[in-house]
Each structure stands twice: as C-alpha cells, then as structure tokens.
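As a plain string of letters, each chain reads:
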Amino acid sequence: MLDRTDYYRTREVNAQEMFPRTEPVVHSNEKEREEGPLSPAQVGEYEQDGFLWLESFFTQDVVSSFFAELDEMAKDRDFCDRDEVIMDTNREKIRSVFAMHELSPAFDRLTRDKLLLDIVRQLLGDDVYIHQSRINSKAGFCGNGFEWHSDFETWHSEDGMPEMRAVSASIMLTDNNPFNGPLMLIPGSQNCFVPCSGSTPQRNWEQSLKKQSVGLPSREAVGSLADRNGIQAPTGPAGSLLLFECNTLHASNRNMSPWPRANLFFVYNAVSNRLVQPFGRTDPRPEHLAARQRTTPLIAHQ
Ligand code: 6CS
Ligand code: FE
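Now for a quick tour of the structure.

Rules behind the numbers
Residue positions within a chain follow its written sequence, with the count starting from 1. Whichever chain is written first becomes A and whichever ligand is written first becomes 1, with later ones labelled in order. Reporting of local features is limited, given that this is a predicted model, to residues whose pLDDT is at least 70; pairs of side-chain atoms are given and counted only at 80 or more, and all residues count toward the totals for whole chains, interfaces and linings. Side-chain numbers here rest on the full set of heavy atoms in the structure, without hydrogens or water. Working definition: with a 1.4 Å probe on protein chains only, accessible area under 20% of the residue-type maximum means buried, over 50% means exposed, and in between means partly exposed. Runs of H or I in DSSP of at least four residues are treated as helices and runs of E of at least two as strands, each being numbered from the N terminus. At least two bridges found by DSSP between two strands is the condition for calling them paired. Residues are labelled near a given molecule or strand when at least one of their non-hydrogen atoms is within 4 Å of it. In protein, a polar contact requires one atom able to donate a hydrogen and another able to accept it; more generally it is a pair of N or O atoms within 3.5 Å, and residues adjacent in sequence count only if both atoms are side-chain atoms. Here the open area of atoms and residues is found with the Shrake-Rupley method and a 1.4 Å probe, where only the protein chains shown may cover a residue. Only Asp, Glu, Lys and Arg are considered charged, only Ala, Val, Leu, Ile, Met, Phe, Trp, Tyr, Cys and Pro nonpolar, and every remaining residue, Gly among them, polar. In this description, a line fitted to the C-alpha atoms serves as the axis of each element, helices being fitted only across the stretch in contact, and the angle between N-to-C directions of two axes falls anywhere from 0 to 180 degrees. In this listing, donors mean N, O and S atoms no farther than 2.8 Å from the metal, or 3.2 Å for Na, K and Ca; water is missing from the atoms, so a site can look incomplete. Under this scheme a four-donor centre is tetrahedral when all angles range from 85 to 135 degrees, a four-donor centre is square planar and a six-donor centre octahedral when opposite donors are above 155 degrees with the rest from 65 to 115, and any other centre is irregular. Cavities and pockets were defined on a 1 Å grid built from protein atoms only: a cavity is a group of points that admits a 1.4 Å probe but offers it no way out, a pocket is an open group of points flanked by protein on both sides within 12 Å along at least five of seven lines, and a lining residue is one with an atom within 4 Å of any such point. Grid points are joined across faces, edges and corners, and a volume is the space filled by probe spheres set on the points. Criterion for a salt bridge: a side-chain nitrogen of Lys or Arg within 4 Å of a carboxyl oxygen of Asp or Glu.

1. Let's talk about the pairing of strand 7 (residues 166-172)
Now for step 1: Summarising burial for strand 7: seven of the seven residues are buried, a large majority.
Now for step 2: By the alternation rule, side chains of strand 7 split into Ala166, Ser168, Ser170 and Met172 and Val167, Ala169 and Ile171, which are all buried.
Now for step 3: One ladder, built from seven bridges, connects strand 7 with strand 12 (residues 261-270); its direction is antiparallel. Of the residues in strand 12, the one forming a bridge with Ala169 is Phe266.
Now for step 4: Note that strand 7 and strand 10 (residues 241-245) share five bridges and pair antiparallel. Within strand 10, the position partnered with Val167 by the bridge is Glu245.

2. Comments concerning the site of ligand 1
Now for step 1: Around ligand 1 lies a shell formed by Gln132, Arg134, His149, Asp151, Thr154, Trp155, Leu209, Gln212 and Arg285.
Now for step 2: One nitrogen or oxygen atom from the side chain of Arg134 is found 2.9 Å from an oxygen atom belonging to ligand 1.
Now for step 3: Contact distances for ligand 1 include 3.0 Å between a nitrogen atom and a side-chain N or O atom of Asp151.
Now for step 4: When ligand 1 is considered free in solution it has 300 Å² of accessible area, and contact with the protein chains removes 94% of it.
Now for step 5: Among the elements of the structure, strand 5 (128-138) and helix 8 (151-159) are those that each provide at least two residues to the shell around ligand 1.
Now for step 6: When its residues are assigned to classes, the shell around ligand 1 shows two nonpolar, four polar and three charged.

3. Considerations on the sheet that holds strand 10
Now for step 1: Ordered in space as 2-10-7-12-5-4-3, the seven strands form an open sheet in which the pairing is antiparallel. The open sheet is flanked by strand 2 (51-54) and strand 3 (85-87), the only strands paired with a single partner. Geometrically, the sheet is characterised by an average inter-axis angle of 15 degrees between neighbouring strands, direction not taken into account.
Now for step 2: Bridging between strand 2 and strand 10 involves four bridges; their strand directions are antiparallel. The residue of strand 10 that forms the bridge with Leu54 is Leu241.

4. Describing the coordination of the iron ion (ligand 2)
Now for step 1: Taken together, His149 (NE2), Asp151 (OD) and His250 (NE2) make up the full set of protein donors to the iron ion (ligand 2), lying 2.1 to 2.3 Å away.
Now for step 2: Around the iron ion (ligand 2), the four donor atoms are arranged such that angles at the metal cover 81 to 176 degrees; this shape is classified as irregular.
Now for step 3: Donor residues binding the iron ion (ligand 2) come from one chain and are separated in sequence as H-x1-D-x98-H. When sorted by exposure, His149 lands in the same class as Asp151, which is buried.

5. Thoughts on the layout of surface pockets
Now for step 1: There is about 550 Å³ of room inside the largest pocket.
Now for step 2: What lines the largest pocket is a set of 31 residues, and nearest its centre among them are Arg95, Phe146, His149, Ser208 and Gln212.
Now for step 3: Looking at the lining of the largest pocket residue by residue, the class counts come to nine nonpolar, 13 polar and nine charged.
Now for step 4: Considering only enclosed or pocket space, the second largest pocket measures out at about 310 Å³ in volume.
Now for step 5: Along its surface, the second largest pocket is lined by 18 residues, and Asp71, Ala74, Lys93, Ile94 and Ser137 are the ones closest to its centre.

6. A short note on the pairing of strand 4 (residues 94-98)
Now for step 1: Counting buried positions along strand 4 yields five of five residues, so the element is predominantly enclosed.
Now for step 2: Of the strand pairs in this sheet, strand 4 and strand 5 are connected by three bridges, and their pairing is antiparallel. If you follow Phe98 over to strand 5, its bridge partner there is Arg134.

7. Describing the pattern of salt bridges
Now for step 1: All told, the structure shown has 17 salt bridges when counted by the stated rule.
Now for step 2: Between Glu206 and Arg203 there is a salt bridge, and its shortest N-O distance comes to 2.7 Å.
Now for step 3: On the basis of relative accessibility, which here comes to 40%, the residue Glu206 falls in the partly exposed class.
Now for step 4: The class of Arg203 is partly exposed, set by a relative accessible area of 47%.
Now for step 5: Taken together, the salt bridges that share partners define one network made up of Glu102, Asp108, Arg112 and Arg294.

Shape is all these values report; function is a separate question.
Written out as structure tokens, the structure reads:
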C-alpha cells in the first residue's frame, strides 16, 4: 500500500492529459530569495523558463581534470564492467557513469562547492542532498542522444520522489556547441506534468539508461509545449553551468561532430523531499541511481 496520495499518476495504459504542477518552481520564501547568490532577475529567469545558464561558472582547468579522470576510467575494463557504468549501444564508449561523487573524492568535493550549494538552496528553500550524480558522455561521431522526457516523471514513478523539489546542476566538462549534442530544453514546460502511457517493466533501469522506452511524453504534448515557448539549447565553454528544474522537458541529439561532449550532472533534492516507495509500484532502483541511505544535508566545502 502506498504511504501517500499520488498527485502525479503516470505510466498507466491510457495517459491522462497534461495538467498544472502543484508546487512552486522556486520554493524559497521572499527573504531566502533575496539573500541568495542569484540576482532577482536570475531567479525570475529560472522560475519562468525552468532553467538558468551560468557561463564559465567554473574555470576550464577545474573541469578539465574531471574530463581527464573520466578518460582514465574509460581505459579500465574492470571499471567499465561496474553497475554504475552504462556503455553506449555499440559497447565501445562510455555513455554514463552514475554515482561519480561516490567514486571520486574530487567529484564529491564539487557537489559541496559553497556557491553552487547556496544557489541550489536559494531555489529549493531547503537543505539538500545528492539524489543522483552522473556523467553523460557523447564521444565524437557516435555518442547517442536522449529522447524528450521529464526527469521528475522517472524519479517520481521509479524512485518515489514525492514532489517537484529537486534541481539538476549540469556542469560542462567539454565545450557544448550546436554540433556536439547539447541539451535542448522547452522553456515553461516545468509548469505542466505530462503523464506518460505504458507500464514500467521490473528492473527497467537495465534498459532505460541505454535507451528510454517508457516515461516518454506523447509527441502531441511535446509539440504543444514547444509551440508555446520554443526550444532552447544553451551552448558555451567547458566550466559553464546549466541549472534545470526536475520537471523541465529536455532531450539531446546524437553527437555527429568530431568533438566529444561530456557533462557532469548533480541532482540536488530537498531533504524534505526524500524518496518514499516508488509510485509506479516497481521495486526501488539501486542506490547508485537514487540515494536512499546517504541523504544527510550537504555541508559546503570551504
Ligand atoms: O533514469 C534516470 O534517472 C535518468 N534518465 C534520464 C533520461 N535522465 C535523468 C536520469 O539520468
Ligand atoms: Fe534527463
């Protein structure tokens, strides 16, 4: 028996029409909004669009060491056989590495960068912990893309995330340009929950992280939201930071350019929004995809 009402029913045979979200996009009160590092204009932009681009947030030499660490890991066949590592369909290149903050002290420190934490707490109005961290890597010429989706739809259904009170911080480890598969987002789509049809197979994550097949909004829904506010694909140098709300629809194309595209994602969840039983009634996903144990409030790294 689920231990709370499910306001965001999804993955049923006949998907309902999309409907407005219940929670605010920015959860902090007036004082927290004003006292945080983001200006009122930046908070307003995030609230309106569901994402915010901060060019060169980190210096390139800070992030180049992380990209180099990923390169080293990719040469280690034993490492590539770990559950946290998802290889691309051609099994040649790494597509994703999950729980990077558990595998690398340097990544763990980055999750507690003081300025980044203060920004995230300004948006979520609460202390936070890491729900999920991952590197998504698209090698030149062959890195596959990701279908349109809301992360919250998956995290609610498969992980038991109760409310829309989480934000993804995507740190560019390489330049993101219009040709190497940058993240595309639909401004304003965070305001609507789009139920998806189709039931979730048990252990779905064994397939979904290579190619998502359930939890995909209908093309009509994606088309209608894109018709309202268009599509944006922020680009810029390595070190740039993209903050996007857990329910903002996003996708990315495969990388046909000769240049790699690698982004580091930290998903910050409010401690008041810790996971409960998955609302889709599937078994909870492994800890490296959805934290249930390590959920104490993050303390900034001085
Ligand atoms: O299942 C998940 O948690 C992952 N799936 C996608 C397509 N984006 C968010 C997350 O990394
Ligand atoms: Fe996603």
